[in-house]
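What follows is each chain in one-letter form.
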Amino acid sequence: MTQLGMIRDGIKGTGRLIKVDHAGEFGAINIYRAQILVARVTAPGIVPTLRDFLSHERKHLKIFQDVLSKRGIRRCRSYWFCGIGGYILGLVTALLGRSGIMACTAAVETVVTGHLVDQIERLRNEGDVEALEAVQAIVAEELEHREVGVSEGRTSVLYKPVSSVVSAATSFVIWLGMTL
């Protein structure tokens, strides 16, 4: 295979995954930023947890940015869509209070961790050690976020409807990023 062919495969294959992961982390950062803004009024007790999650997401964004930079790959076309959509999602779910925030967290992280676990297997099979290490570096924290969201939100009457909508939206954004 020519070098140009390998570059194209990298952008369409593993590179595409990392681009979508990077855009998703930007979306997550904006979800938490908006939720922190509103939760100061609607659910002040959860703000420290949201700040902790936000710090994780910023670290994850940097991990994927570093991989993209090393490979000379530009960010995903859906990057700004993820950021704006994430901010709107964060605002709306935070207006619903603690239950809305936790349902959102549970839904986003359930979809995202499923996506990441699928990637781990693919990256192992492809032998892309750098991308595999990047994905593995964030999975534990994403699972932690999911568990907090599920454990604190599942008893709410809002949990099923909010998590259903957020899960569908998150799956759509991942699909969109993978197809653009």
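Residues numbered from 1 in each chain as written. Predicted model: local features only at pLDDT ≥ 70, side-chain atom pairs only at ≥ 80, totals over all residues. Heavy atoms only, no water.

## Notes on the layout of surface pockets
Sizing a probe to match a water molecule and rolling it over the atoms shows the empty space that remains. The line we're drawing: Buried and open spaces are told apart on a 1 Å grid over the protein atoms alone, a cavity being a set of points where a 1.4 Å probe fits but cannot get out and a pocket being an open set with protein on both sides within 12 Å along at least five of seven lines. Residues with an atom within 4 Å of a point are the lining residues. Grid points are joined across faces, edges and corners, and a volume is the space filled by probe spheres set on the points. Every helix listed is a DSSP run of H or I at least four residues long, and every strand listed is a run of E at least two residues long, numbered separately from the N terminus.
By volume, the largest pocket amounts to about 550 Å³. Taken together, 33 residues form the lining of the largest pocket, with Ile-31, Leu-89, Val-108, Thr-170 and Val-173 sitting closest to its centre. Taken together, the elements giving at least two residues each to the lining of the largest pocket come down to helix H2 (14-42), helix H3 (47-71), helix H4 (79-95), helix H5 (98-126), helix H6 (129-153) and helix H7 (159-179). The element that contributes the greatest number of residues to the lining of the largest pocket is H2, accounting for eight residues.

## Describing the packing of aromatic side chains
The test is simple: A pair of Phe, Tyr and Trp rings is counted when the ring centres sit within 6.5 Å of each other, with Trp represented by its six-membered ring. The angle between the planes then sorts it: under 30 degrees is stacked, over 60 is edge-to-face, the rest tilted. Residue burial is assigned from relative accessible area. The probe radius is 1.4 Å, only protein chains are included, and a residue is buried under 20% of its type maximum, exposed over 50%, and partly exposed in between.
Enumeration over the complete set of coordinates arrives at five aromatic pairs. Judged by centre distance (5.3 Å) and plane angle (85°), the rings of Phe-26 and Trp-80 are edge-to-face. Placement of Phe-26 in helix H2 and of Trp-80 in helix H4 is noted, with a sequence separation of 54 residues between them. For Phe-26, a relative accessible area of 14% puts it in the buried group. Note on Tyr-32 and Phe-53: the rings are 5.7 Å apart at their centroids and 65° apart in plane angle, and the pair reads as edge-to-face. One end of the pair, Tyr-32, is in helix H2; the other, Phe-53, is in helix H3, and 21 residues separate them in sequence. By the burial criterion, Tyr-32 is buried, and Phe-53 matches it.

## Regarding the environment of Cys-104
Applicable threshold: By definition, residues are in contact when any of their heavy atoms lie within 4.5 Å.
Checked against the element boundaries, Cys-104 lands in helix H5. Along the chain, Cys-104 and Val-165 lie 61 residues apart, while their C-alpha atoms are 9.0 Å from each other. Aside from chain neighbours lying at most four places away, what touches Cys-104 is Ile-31, Gln-35, Leu-89, Thr-93, Val-162 and Val-166.

## Some remarks on the pattern of salt bridges
Put simply, the rule reads: Any carboxyl oxygen of Asp or Glu within 4 Å of a side-chain nitrogen of Lys or Arg constitutes a salt bridge here.
What the rule picks out here adds up to eight salt bridges. The partner of Arg-71 in a salt bridge is Asp-128, and the shortest N-O contact between them spans 2.6 Å. Of the two residues, Arg-71 is situated in helix H3 and Asp-128 in the loop between H5 and H6; the sequence distance between them amounts to 57 residues. Classification of Asp-128 by relative accessible area gives buried; the value is 15%.

## Points about empty space enclosed by the protein
According to the stated counting rule, one finds one cavity of 30 Å³ or more in the structure shown. By volume, the largest cavity is sized at about 40 Å³. Around the largest cavity sit Ala-28, Ile-31, Tyr-32, Cys-104, Thr-105, Val-108 and Glu-109, which together line it. Looking at the lining of the largest cavity, the elements that each hand over two or more residues are H2 and H5. It is H5 that provides the largest number of residues to the lining of the largest cavity, a total of four residues.

## Concerning the packing of H2 against H5
Spelled out, the test is: To get an axis, a line is fitted to the C-alpha atoms, and for a helix only the part in contact is used. The angle between two axes follows their N-to-C directions and goes from 0 to 180 degrees. Under this scheme an angle from 65 to 115 degrees is roughly perpendicular, one under 35 degrees roughly parallel, and one over 145 degrees roughly antiparallel; angles in between are oblique. The hand of a helix crossing depends on one turn: near helix anticlockwise from the far one by less than a right angle means left-handed, and clockwise means right-handed. Residues were grouped as follows: Ala, Val, Leu, Ile, Met, Phe, Trp, Tyr, Cys and Pro as nonpolar; Asp, Glu, Lys and Arg as charged; and all remaining residues, including Gly, as polar.
Put simply, H2 and H5 touch, their axes get as near as 12 Å, and they point 165° apart. As judged from the angle between their axes, H2 and H5 are roughly antiparallel. Crossing hand, H2 versus H5: left-handed. Judged by residue contacts, Thr-14, Leu-17, Val-20, Asp-21, Ile-31, Tyr-32, Gln-35 and Ala-39 of H2 engage Ile-101, Cys-104, Thr-105, Val-108, Glu-109, His-115, Leu-116, Gln-119, Arg-122, Leu-123 and Glu-126 from H5. Class assignment of the residues belonging to the contact of H2 with H5 gives a composition of ten nonpolar, five polar and four charged.

Any functional reading would require information that these geometric values do not contain.
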